[in-house]
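Working through the structure, step by step
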Amino acid sequence: MAGPVLEMRSIVKTFPGVKALSDVTLTVRQGEVHAICGENGAGKSTLMKVLSGVHSHGSYEGEILFEGEPCRFRNIRASEQRGIVIIHQELALVPYLSLAENIFLGNEHARRGFINWNETLRHATRLLRQVGLDDHPETRVADIGVGKQQLVEIAKALSKKVKLLILDEPTAALNDEDSGKLLDLILELKKQGITSIIISHKLNEIRRVADSVTILRDGRSIETLDVKASETTEDRIISGMVGRDLDHRFPERTPHRAEEGAAPALEIRNWTVYHPIDRTRKVVDDVSVHVRRGEIVGIAGLMGAGRTELAMNVFGRTYGRYAGGTVLKDGREIQTRHVADAVAHGIAYVTEDRKHYGLNLIDTINRNISLTALDKVAKRGVVDEHEERKVAEGFRRSMNIKAPTVFEPVGKLSGGNQQKVVLSKWIFAGPDVLILDEPTRGIDVGAKYEIYTVIDQLAAEGKAVVFISSELPELLGMCDRIYTMAAGRLTGEFSRAEASQEALMRQMTKDKEVTR
Amino acid sequence: MSTDVTATTSAPAPPGKDGPASGGGLLQLMRDGLRRNMRQYGMLIALGLIVALFAWLTDGDLLLPRNVSNLVLQNSYILVLAVGMMMVIIAGHIDLSVGSLTAFVGAFAAVLTVQQDISWPVAVVLCLLVGAVAGAVQGFFIAYGGIPSFIVTLAGMLIFRGLTEILLAGQTLGPFPEGMQKIGNGFMPEAGPETNYHNITLLLGIALIVFVVLQEIRDRGRQQEFALDVLPRNIFLLKLAVMASAILVVTLLLASYKGAPIVLLILGVLVVGYSYVMRNTVFGRHIYAIGGNLPAAKLSGVKDKKVTFLVFVNMGALAALAGMAIAARLNAASPKAGLNYELEAIASAFIGGASMSGGVGTVFGAIIGGLVLGVLNNGMNLLDVGTDWQQVIKGLALLAAVGFDVWNKRRVGS
């Protein structure tokens with residue numbers, strides 16, 4: 001095999017409060033397809049941002065050698081000039097410009113600012129052929145599907161004379177057919193001598209296209225395996241991904257014993273959701289789950305498994321297009337077509353994206369907490385500010401929100417404290433069922449423990465808790481029962497005793513197999 | 001002017017330190033409060049400086065009782081519009097149609113009272129209704145139709161201007177019945193013995209001071225009852241004294257001329273009322289919530305469409321009120337009435353601390369912003385500055401106010 005084209009040595013990248021990468025080493029050989037896998041938050045995307053200059057030289061420690069020369073990229077442009085091109089999960093195409101315009105965006109065939117259209121179209125056509133597209137280069141990007149858009153991104157990379165192509169979860173948004181085409185193209189490019197790095201957690205994909213795989217876990221590179229070697233099984237990769245010590249602590253919890261006979265607090269039956277724009281793609285496919293009072297039920301899955309999509313569609317159709325399914329509350333069917341209905345039925349959904357969907361960052365702690373249940377502190381439509389302040393002060397103490405007063409804008413709080421505000425807001429609404437979506441994402445260990453304690457307390461008070469998370473240790477530490485989802489389907493259900501990281505991960509990485 | 005009342009009642013009291021404040025603590029407290037409410041105090045100080053500057057440039061003419069009275073009459077309709085516009089902008093929208101709508105309602109009022117001889121109180125009610133309906137139609141397209149407010153109200157701006165000219169056949173229509181005229185340039189009636197001052201205005205001013213002081217004391221009492229932090233006693237007394245004397249000065253100025261203009265009274269009611277709505281009601285909170293973060297507000301169960309719709313209905317009704325005030329003051333409905341008023345109202349809101357992206361601003365801020373523009377207008381008129389340069393200077397004032405805001409935010413790092 002050829003020698004290394006890329007070496008990243010001892011990369012350390014720290015964000016305020018979090019060490020995203022601590023000592024990562026990656027070696028990619030000339031002409032191979034190199035997969036990187038790991039759980040959400042393992043540091044895959046951060047590593048690629050370091051490599052491509054999104055995080056500029058000087059903002060990280062460690063050394064990068066590309067084709068034997070040290071690299072000090074100040075920005076993406078600098079890395080692209082060396083032939084390293086990254087294609088992000090969120091495509092960076094301008095929907096209302098043509099394919100040709102997008103391919104050469106920032107890199108136009110132009111003379112003194114005037115675009116040479118003949119040259120542009122000819123070159124674009126050639127590049128599109130190369131990635132297997134026969135669309136006219138003047139077609140608008142908005143008029144082609146997501147699968148083809150992904151190919152246009154690759155054509156764009158080719159126009160930049162790419163030597164090392166980085167694909168960040170390229171198939172996450174694609175259906176099977178488009179995924180297959182994309183993987184074939186990666187193999188085709190390999191024949192043309194282009195090295196690729198592909199970030200993915202779909203093990204079947206890795207097995208299909210990759211030559212070697214590097215596993216990241218908690219910001220460290222764990223190992224690099226030869227995919228073609230016989231001992232590299234899916235189980236082997238999984239154990240690399242999850243095999244960490246349980247360094248989080250969890251509150252002592254007496255497992256819940258389901259009361260026989262009583263109807264579940266919340267039951268979702270045969271729920272199906274389509275993608276809001278791509279109407280051919282099912283993001284949630286015939287999922288049935290339930291949760292009882294006093295029970296904490298986990299839903300495990302990797303990105304794109306459909307967990308958030310399920311929760312948000314049930315909660316007032318706030319994501320995607322509903323295509324069937326019923327919700328039962330305490331055994332009686334209810335309608336949750338609007339958020340207000342869901343809230344009125346005692347359901348709360350605590351979002352995974354607190355900045356965009358959870359909080360009004362420019363407003364104060366007290367006003368954020370009271371928003372969902374303003375009527376509780378209002379008489380005839382008039383808010384009693386003193387009462388509101390008292391309520392907020394209460395939460396500030398009981399949840400240990402670190403802020404001088406409740407009049408602090410929540411945008412100034414740390415992630416953990418913001419999360420506590422979101423939780424306070426929904427606890428104040430007084431729900432029977434809480435759906436918590438990644439409640440500990442992006443917050444430090446200390447705050448995590450506090451949030452686990454709150455969740456435990458809620459269950460002890462008889463609330464039903466649905467706990468969506470990608471972090472297996474926290475699910476294993478907190479839940480009475482765990483469902484697994486993959487690619488929109490329910491792939492397993494485990495009792496507390498049956499569940500283990502390996503068993504869960506196996507079901508979470510199951511792509512197109514039948515439910516057990 | 002009595003609108004100052006809301007300044008201090010609506011600004012959140014800076015939470016005090018534990019225990020009685022020493023001399024150093026007092027300074028510290030004031031500095032903290034200033035930093036926290038930089039925008040509000042900043043605009044108040046700027047307004048004070050502008051008033052002082054023009055008072056000096058005009059040898060005190062600016063603060064002559066007659067001129068203060070005039071200032072109120074000239075700017076009242078912009079202030080009325082600015083209140084509604086502030087709410088629209090907080091909700092994350094814009095309304096370009098209000099200038100045309102004021103003209104349209106003025107024309108409608110003229111047709112009713114001058115051509116049709118309908119009694120003026122009935123006409124007033126009908127005009128308010130027409131304004132609300134106009135707002136409702138636009139609000140419907142914006143909230144339920146999902147058409148951007150900029151587009152809908154730009155269309156409204158053209159449509160209402162055109163309808164005004166159709167209604168008036170391009171002519172000026174007047175004069176209005178006497179009752180109607182009073183909305184624009186009437187004063188409070190006088191009663192009681194002959195003093196050098198306007199008795200009723202004096203009484204109103206004193207009543208206002210008593211009301212404000214009692215309200216503040218009651219608020220402080222309730223805060224203590226809930227064991228919340230309150231201002232130290234001496235600072236609280238200072239605050240009361242400043243508020244009371246501000247009201248007193250304006251009252252005396254007005255009372256030594258013809259008394260309080262009726263439109264000022266209407267404005268005062270609006271400001272107090274809308275400040276209360278925006279600050280203390282569920283509806284007001286929901287406006288801030290949808291402007292601050294629409295997806296989060298939706299996920300919290302806020303009925304965002306209904307709130308947006310109502311904000312535009314309200315804007316329409318306020319535009320109608322302003323339209324009647326303009327027509328009444330000119331004593332005629334003109335096809336060119338209210339030209340560019342939407343821009344003055346929008347500028348007032350932004351000078352007064354609104355944000356392009358919504359979610360930020362207070363009714364009081366809109367009033368301060370409107371007054372800054374008003375004093376600039378009036379002061380430059382007194383100095384015989386031409387309208388050409390007036391526009392240049394007002395433009396610079398807008399740029400400076402918002403520029404200061406942006407700079408200040410970046411400095412604080414929020």
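The written sequence of each chain sets the order in which its residues are numbered from 1. Here the convention is simple: chains get letters from A, ligands get numbers from 1, in the order in which they are written. Local features in a predicted model are, by the rule used here, given only for residues with pLDDT of at least 70; side-chain atom pairs are given and counted only at 80 or more, and totals for whole chains, interfaces and linings are based on all residues.

1. A look at the overall build of chain B
Put simply, the rule reads: Secondary structure counts use DSSP, requiring at least four H or I residues in a row for a helix and at least two E residues in a row for a strand, with both numbered from the N terminus. Put plainly, a residue is buried at 20 or more neighbouring C-beta atoms within 10 Å of its own, exposed at 12 or fewer, and partly exposed in between, counting only other residues' C-beta atoms, which are placed from the backbone.
In terms of helices and strands, chain B carries 17 helices and zero strands. Burial analysis of chain B (414 residues in total) assigns 47% to the buried set.

2. Observations concerning the overall build of chain A
The cut-off we apply is this: The globule rule used here is 2.2 Å times the number of residues to the 0.38 power, and the radius of gyration it is set against is calculated over C-alpha atoms. Note on contacts: each residue gets a C-beta atom placed from the backbone, and two residues are in contact if those atoms are within 7 Å.
Each helix and strand counted, chain A has 17 helices and 25 strands in total. What you see for chain A is a C-alpha radius of gyration of 25 Å, in line with the 24 Å of a compact globule of 516 residues. Here the C-alpha coordinates of chain A stretch approximately 70 × 55 × 45 Å along the principal axes. Taking all 516 residues of chain A together, 50% fall into the buried category. Here the contacts in chain A between residues at least 6 apart in sequence split such that 68% fall between residues at least 24 apart.

3. Focus: the packing of helix α12 (residues 282–292) of chain B against helix α14 (residues 304–330) of chain B
Residues and elements named next belong to chain B. What counts, and what does not: Here the axes come from fitting lines to C-alpha atoms, over the contacting stretch only for helices, and the angles between their N-to-C directions go from 0 to 180 degrees. The cut-offs work like this: below 35 degrees is roughly parallel, past 145 is roughly antiparallel, 65 to 115 is roughly perpendicular, and the gaps in between are oblique. Amino acid classes used here: Ala, Val, Leu, Ile, Met, Phe, Trp, Tyr, Cys and Pro are nonpolar; Asp, Glu, Lys and Arg are charged; the rest, including Gly, are polar.
At their nearest, the axes of α12 and α14 sit 10 Å apart, and the two run at 105° to each other. Taken together, the axes of α12 and α14 lie roughly perpendicular to each other. Of the residues in α14, those touching α12 at Phe283, His286, Ile287 and Ile290 are Asp304, Val307, Thr308 and Val311. The residue inventory of the contact of α12 with α14, partitioned by class, reads five nonpolar, two polar and one charged.

4. Focus on the pairing of strand β10 (residues 195–199) of chain A
Residue and element names in this part refer to chain A. The condition is simple: Note on pairing: two strands pair once DSSP finds at least 2 bridges between them. Seen with its strands pointing away from the viewer, a crossover is right-handed when the path leading from the first strand over the helix to the second is clockwise.
Among the five residues of β10, five are classified as buried, and the element is accordingly described as predominantly covered. Pairing of strand β3 (residues 33–37) with β10 involves four bridges; the strand directions are parallel. By the bridge assignment for β10, Val33 is matched with Ser196. For strand β9 (residues 164–168) and β10, the ladder comprises five bridges, and the chain directions are parallel. Within β10, the residue paired with Leu167 across the bridge is Ile198. Each parallel crossover has a hand, and the one from β9 via helix α6 (residues 176–191) to β10 is right-handed.

5. Quick look at the packing of helix α5 (residues 98–115) of chain B against helix α15 (residues 341–351) of chain B
Residues and elements named next belong to chain B. The interhelical angle for the contact between α5 and α15, taken along N-to-C directions, is 130°, at an axis separation of 6 Å. Considering their axes alone, α5 and α15 lie oblique with respect to each other. Residues Val98, Gly99 and Thr102 of α5 lie in contact with α15, whose contacting residues are Tyr341, Glu342 and Ala345. Broken down by class, the residue content of the contact of α5 with α15 amounts to three nonpolar, two polar and one charged.

6. Re the interface of chain B and chain A
On the chain A side, the residues contacting the 25 residues of chain B number 32 residues. The element that contributes the greatest number of residues to the side of chain B that touches chain A is α12 of chain B, accounting for six residues.

7. Section: the environment of Leu128 of chain A
Residues and elements named next belong to chain A. Mapped onto the elements of the fold, Leu128 is located in helix α4 (residues 117–130). Under the C-beta neighbour-count criterion, Leu128 is labelled buried, with 23 such atoms within 10 Å. Here the alpha-carbon distance between Leu128 and Leu158, two residues 30 residues apart in the chain, equals 9.6 Å. Setting aside residues no more than four positions away along its own chain, Leu128 makes contact with Leu99, Leu133, Asp135, Pro137 and Ala155.

8. Section: the sheet that holds strand β19 (residues 347–350) of chain A
Residue and element names in this part refer to chain A. Across the sheet, six strands lie side by side as β19-β22-β23-β15-β24-β25; this open sheet has mixed pairing. Edge positions in the sheet fall to β19 and β25 (489–495), since each of these pairs with one other strand and no more. Within the sheet, the average angular offset between the axes of one strand and its neighbour, ignoring direction, is 15°. Looking at chain direction, strand β15 (residues 296–300) and strand β23 (residues 464–469) are connected through five bridges and run parallel. Bridge assignment links Gly298 to a residue of β23, and that residue is Phe467.

9. Comments concerning the sheet that holds strand β12 (residues 220–226) of chain A
All names here are of chain A. Taken in spatial order, the six strands of this open sheet run β6-β9-β10-β3-β11-β12, and their pairing is mixed. Of all strands in the sheet, those bounded by a partner on one side alone are β6 (84–87) and β12. Adjacent strand axes in the sheet meet at a mean angle of 20° when their direction is disregarded. Relative to strand β11 (residues 212–217), β3 is paired through four bridges, and the arrangement is parallel. In the strand pairing of β11, Cys37 is matched with Ile215. Packing against the sheet, helix α1 (residues 44–52) makes contact with β3, β6, β9, β10 and β11, and its axis sits at approximately 150° to β9. Together, β3, β9 and β10 form the strand contacts of α6, whose direction differs from that of β10 by roughly 155°.

10. Considerations on helix α13 (residues 385–398) of chain A
All names here are of chain A. Here is the rule we go by: How far a helix is expected to stretch is found by multiplying one less than its residue total by 1.5 Å. Comment: arc refers to directions from the helix axis out to C-beta atoms.
Taking 1.5 Å per residue as the helical rise, α13 with its 14 residues ought to reach 20 Å, and the 20 Å between its terminal C-alpha atoms agrees with that figure. If you check which residues of α13 are buried, you get Glu388, Arg389, Val391, Ala392, Phe395 and Arg396. End-on view of α13: buried residues confined to an arc of 160°, all on one side of the axis. Among the structural elements, α12 (365–370), β21 (382–383) and α14 (415–428) are those in contact with the buried residues of α13. Asn400 lies just past α13 and shows a positive phi near 55°.

11. Examining the confidence of the model for chain B
All names here are of chain B. Note the threshold: As a per-residue measure, pLDDT reflects the predictor's confidence and takes values from 0 up to 100.
The share of residues in chain B with pLDDT of 70 or more is 88%, and the mean pLDDT across the chain is 85. Across residues 1–23, confidence stays below pLDDT 50; counting only partners more than four residues off in sequence or on other chains, it has 53 contacts. Confidence estimates for the predicted assembly give a pTM of 0.80 and an ipTM of 0.76.

12. Here's the deal with the environment of Thr351 of chain A
Structurally, the position occupied by Thr351 of chain A is in the loop between β19 and α11 (354–358). If we skip the residues at most four places from it in the chain, Thr351 of chain A touches Tyr357, Gly358 and Asp437 of chain A together with Leu299 of chain B.

13. Focus on helix α9 (residues 307–314) of chain A
Residue and element names in this part refer to chain A. Buried residues dominate α9, accounting for eight of its eight residues. When we look at burial in α9, the residues that qualify are Arg307, Thr308, Glu309, Leu310, Ala311, Met312, Asn313 and Val314. Within two residues after α9, Gly316 carries a phi angle of roughly 75°, on the positive side.

14. Focus: unusual backbone geometry
Backbone torsion omega between Gly174 of chain B and Pro175 of chain B reads -10°, so that peptide bond is classified as cis. Among the secondary structure elements, Pro175 of chain B is positioned in the loop between α7 (149–168) and α8 (178–185). Its identity as a non-glycine residue notwithstanding, Arg112 of chain A has a phi of 50°, on the positive side. By the secondary structure assignment, Arg112 of chain A is in the loop between β7 (110–111) and β8 (114–115). Backbone geometry at Ala487 of chain A places phi at a positive 50°, although glycine is not the residue there. Relative to the helices and strands, Ala487 of chain A is located in the loop between β24 (481–486) and β25. Given 23 C-beta atoms within 10 Å, Ala487 of chain A falls into the buried group.

15. Notes on the environment of Leu112 of chain B
Residues and elements named next belong to chain B. Here Leu112 lies in helix α5. For the pair Leu112 and Val122, spaced 10 residues apart in sequence, the C-alpha separation works out to 9.2 Å. Discounting residues that sit within four places of it in the chain, Leu112 has contacts with Ile118, Ala123 and Leu126.

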